[in-house]
Amino acid sequence: MNIKQVKLIYFSPTGTTQKVLESIAQGITDEVVEHINLTRPDNAQKPIPPFSDELILIGAPVYGGRLPVDAINRFKQIKASKTLAIPIVVYGNREFEDALLELKNLAIDLGFHPVAGAAFIGEHSFATKDAPIANGRPDSLDVQKAKAFGAKIKEKKIGMESGWELAARYEEIRVDAQKPFQLTGFIDINGNPVTVEDNFVRTLTLGVNKYINYNVKFQVNYEHDWYDNSFLTPTSRTGDNLLESGDVSVDKVLMRMQLFF
Ligand SMILES: Cc1cc2nc3c(=O)[nH]c(=O)nc-3n(C[C@H](O)[C@H](O)[C@H](O)COP(=O)(O)O)c2cc1C
């Protein structure tokens, strides 16, 4: 997989979507990126050559929780061939609702292969000094977040170009009922009711991914779980209703073949 260029395609009447896309692109590459600005109808009438080996940031603002009809119509003239794409929507701090999903689905219909996506806040087009809504956004913190998002895309891009990706993740989940309660339907090994109060689970995941091509990915994950409550672990249940002290430290190896189409 060889990604030749990063390009921005957008519909952005008041310029915030364009600004967000530019900031994300700065996190991906130091090179000057090509802009395909489809905001003005005259620009949108120029023919757009089909995309293939590029990474495309495709962006639009949110209007009424959806994509602007004009943006959809402009984007519909684009043709791509499994080109990697990042759909981005920018909204005025009310809600982005279905817009990101709509852009992702549209990108797939156009022939793109979305590999990440995001919704960012921009100043609401209806904002005034007296009725401010996200005035001045994207601000310096938004720009920083957009660049950081771009840096993550860059890592992903490098991984996809080489075919190999390494990943690590640490997760914690704590459940605390504040007082002991009886697990109805369960008994312990002595036939007594089982009472629990809380559990704290930590998981470390180390993964290796191998992309064979645009459509096929193999994934192997090693997971280690730590459980604080020995009655609430994957091995604490024997039969339908018998709970006994299980392993509080559990190892798992998970393998997955993923097909994109
Ligand atoms: C007609 C219209 C509808 C909008 N609807 C929403 C909305 O549903 N939710 C929201 O958070 N912002 C909404 N906005 C605000 C825009 O999404 C926001 O201002 C965006 O940053 C504009 O992007 P642009 O500068 O690229 O044109 C709306 C703006 C307009 C003009």
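Everything numeric here is computed off the predicted structure, so don't read it as measured data.

Observations concerning helix 4 (residues 99-109)
Now for step 1: The complete set of buried residues in helix 4 reads Ala99, Leu100, Glu102, Leu103, Leu106 and Ala107. End-on, the buried residues of helix 4 take up no more than an arc of 160 degrees, which puts them together on one face.
Now for step 2: Its buried side turned inward, helix 4 meets strand 3 (54-61), helix 3 (69-75), strand 4 (83-91), strand 5 (112-114) and strand 6 (118-121).
Now for step 3: Of the residues flanking the end of helix 4, it is Gly111, one or two places downstream, whose phi is positive at about 105 degrees.

Describing the site of the ligand
Now for step 1: Lining the immediate surroundings of the ligand are 22 residues, of which Ser12, Thr14, Thr16, Thr17 and Val62 lie closest.
Now for step 2: Interatomic distance of 3.4 Å between a backbone N/O atom of Val90 and an oxygen atom of the ligand.
Now for step 3: At the level of secondary structure, the elements contributing two or more residues to the shell around the ligand comprise helix 1 (16-28) and strand 4.
Now for step 4: Class assignment for the residues of the shell around the ligand results in seven nonpolar, twelve polar and three charged.

Topic: the domain arrangement of the protein chain
Now for step 1: As assigned here, the protein chain comprises domain 1 (5-162) and domain 2 (164-259).
Now for step 2: Taken over C-alpha atoms, the centre of domain 1 sits 38 Å from the centre of domain 2.
Now for step 3: Around 660 Å² of area is buried between domain 1 and domain 2 when both sides are counted, 46% of it from carbon and sulfur atoms.
Now for step 4: A per-residue breakdown of the area domain 1 buries against domain 2 is headed by Lys82, Met160 and Ser162, which together make up 53% of the total.
Now for step 5: Across the domain 1-domain 2 interface, the total number found is one salt bridge.
Now for step 6: For Lys156, the salt bridge goes to Glu165, with nearest N and O atoms at 3.9 Å.
Now for step 7: Our enumeration of links across domain 1 and domain 2 arrives at four residue pairs in polar contact (both at pLDDT 80 or more).

About the thresholds
- Residues numbered from 1 in each chain as written.
- Predicted model: local features only at pLDDT ≥ 70, side-chain atom pairs only at ≥ 80, totals over all residues.
- Heavy atoms only, no water.
- Buried < 20%, exposed > 50% of the residue type's maximum accessible area, 1.4 Å probe, protein only.
- Helix = DSSP H or I, 4+ residues; strand = E, 2+ residues; numbered from the N terminus.
- Arc of directions from axis to C-beta.
- Contact = heavy atoms within 4.5 Å.
- Near = heavy atom within 4 Å.
- Polar contact = N/O pair within 3.5 Å; in protein donor to acceptor, adjacent residues only side chain to side chain.
- Nonpolar A, V, L, I, M, F, W, Y, C, P; charged D, E, K, R; others polar.
- Domains from an automatic or database assignment.
- Buried area = accessible area lost by both parts, 1.4 Å probe.
- Salt bridge = Lys/Arg side-chain N within 4 Å of Asp/Glu carboxyl O.

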